[in-house]
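These are the residues of each chain, in order.
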Amino acid sequence: MKIEALKVRLDRNRPMTSITIRMPEDVVEDLKRVAPLLGFSGYQPLIRAYIGQGLRVDLERFESDTLTTLIASLKRQGVSDEVINEALSEVAHR
């Protein structure tokens with residue numbers, strides 16, 4: 001994740017929207033019990049943290065899959081490993 005995107009994600013004052021989600025009662029009770037043990041003020045911040053963690057893993061995976069697919073395509077089109085590595089290095093050092 002890029003630094004600017006990470007800064008936005010860490011901003012506690014980001015706009016929020018309300019959603020409704022149906023969950024089993026026992027799961028909600030477990031979330032309420034575990035939240036203070038993990039340092040959360042309530043179960044809703046804990047749910048947001050769980051969702052955020054899972055989302056970051058999936059975003060990383062999809063971004064990585066896209067990059068891997070792009071590199072494979074460039075190689076099939078005859079772009080040398082040297083050029084690909086140089087481009088990746090350039091992008092990484094921005």
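Definitions and cut-offs
Residues numbered from 1 in each chain as written. Predicted model: local features only at pLDDT ≥ 70, side-chain atom pairs only at ≥ 80, totals over all residues. Heavy atoms only, no water. Salt bridge = Lys/Arg side-chain N within 4 Å of Asp/Glu carboxyl O. Helix = DSSP H or I, 4+ residues; strand = E, 2+ residues; numbered from the N terminus. Buried < 20%, exposed > 50% of the residue type's maximum accessible area, 1.4 Å probe, protein only. Phe/Tyr/Trp six-rings, centres within 6.5 Å; stacked < 30°, edge-to-face > 60°. Lys NZ or Arg CZ within 6 Å of the ring centre and 35° of its normal. Axes fitted to C-alpha atoms, helices over the stretch in contact; angles between N-to-C directions. Parallel < 35°, antiparallel > 145°, perpendicular 65-115°, else oblique. Contact = heavy atoms within 4.5 Å. Nonpolar A, V, L, I, M, F, W, Y, C, P; charged D, E, K, R; others polar.

Colleague: Even after reading the chapter, I still don't get the pattern of salt bridges, so can you show me in this structure?
Modeller: Side chains that differ in sign of charge can pair as their charged atoms come close. Under the defined criterion, the tally for this structure stands at four salt bridges. Where D30 meets R33, a salt bridge forms, and the shortest distance between an N and an O atom there is 3.3 Å. Taken together, the residues D30 and R33, both in helix α2 (residues 25-37) and three residues apart, mark about one turn of the helix. Taking the relative accessible area as the measure of exposure, D30 reaches 37% and is therefore partly exposed.

Colleague: Help me out: how do you make sense of the packing of aromatic side chains in this one?
Modeller: As enumerated under the stated definition, the model contains zero aromatic pairs in all. Its guanidinium or amino end placed over the ring of F62, R61 lies 4.5 Å from that ring's centre, counting from NZ or CZ.

Colleague: How should I be thinking about the packing of α2 against helix α3 (residues 43-76) in this particular structure?
Modeller: In a pair of packed helices, the angle between the axes and the distance between the axes together describe the arrangement. It is at 8 Å that the axes of α2 and α3 come closest, and there the two elements cross at 95°. Considering the angle they form, α2 stands roughly perpendicular to α3. Residues V28, L31, K32, V34 and A35 of α2 touch α3, and the partners they reach there are Y43, L46, I47 and Y50. Taken together, the residues that form the contact of α2 with α3 break down as eight nonpolar, no polar and one charged.

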